[in-house]
Amino acid sequence: SRKLIFDTLHLLHEDCRLAQQSRGLLWTRCLGSLLLRISEHMSPSMVDFEDHYQLHLDGYLCSFEEFRFVNNFEAENQRLSNFTIPPCIMTCLDNFLQLGNDDFSSNDFICGI
């Protein structure tokens, strides 16, 4: 399904973004740029992913001028991910570390999975 493909590409991008050997390489930025473009196309239901990619790409985008979307989606604003929020290992770790904080409960723990 499309959701499985998108989620797999997102997790690949997250893994490569964190791996020292591939961090900052052109192909990881291009994959992030592609995922950003897809998220923009599926807006507003994917605005959280859109924000995630914009934050991590920090303006270093690959151009996809020739890339055209075929509008055969059931609904353009349908969510294209099974995740409730974009999974990010750093967010998960931050939440895990805050579990000892009195102002942070296990109900606040968010990983997107």
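Keep in mind that this is a model prediction, so the values were computed, not measured.

Definitions and limits used
- Residues numbered from 1 in each chain as written.
- Predicted model: local features only at pLDDT ≥ 70, side-chain atom pairs only at ≥ 80, totals over all residues.
- Heavy atoms only, no water.
- Disulfide = S-S within 2.5 Å.
- Helix = DSSP H or I, 4+ residues; strand = E, 2+ residues; numbered from the N terminus.
- Core = buried A, V, L, I, M, F, W, Y, C linked by side-chain atoms within 4.5 Å.
- Buried < 20%, exposed > 50% of the residue type's maximum accessible area, 1.4 Å probe, protein only.
- Contact = heavy atoms within 4.5 Å.
- Salt bridge = Lys/Arg side-chain N within 4 Å of Asp/Glu carboxyl O.
- Lys, Arg positive; Asp, Glu negative; His and termini not counted.

Here we come to the state of the cysteines. In the structure shown here, the tally under the stated rule is one disulfide. Two residues share a disulfide in this structure: Cys 30 and Cys 62, whose sulfurs sit 2.2 Å from each other. Across the disulfide from Cys 30 to Cys 62, rotation about the S-S bond amounts to roughly -85 degrees, and the bridge is consequently left-handed. You can see Cys 30 sitting in helix 2 (residues 26–41) and its partner Cys 62 sitting in the loop between helix 3 (47–57) and helix 4 (89–98), a full 32 residues away along the chain.

In this section: the nonpolar core. Of all hydrophobic cores here, the largest spans 13 residues; its most connected members are Phe 6, Ile 38, Met 46, Phe 49, Tyr 53 and Leu 80. Of all elements in the fold, only helix 2 and helix 3 reach the threshold of two or more residues within this core. Examining the composition of this core, we find that five residues originate from one element, helix 2, more than from any other. Setting aside residues no more than four positions away along its own chain, Phe 6 makes contact with Leu 35, Ile 38, Ser 39, Met 46, Phe 49, Tyr 53, Leu 80 and Ser 81.

Let's shift gears to the pattern of salt bridges. Enumeration according to the criterion identifies one salt bridge in this entry. Residues Arg 79 and Asp 48 are paired through a salt bridge, measuring 2.9 Å at the closest nitrogen-oxygen approach. Taken together, the residues span a long stretch of sequence, with Arg 79 in the loop between helix 3 and helix 4 and Asp 48 in helix 3 at a distance of 31 residues.

Turning to its location among the elements, Glu 50 is positioned in helix 3. Of the side chains with opposite charge, Arg 79 comes closest to the buried, unpaired Glu 50, at an N-O distance of 9.6 Å. With residues near it in sequence (within four places) discarded, Glu 50 still touches Leu 36, Ser 39, Glu 40 and Ser 43.

Scope: geometric values only; no functional claims are made or implied.
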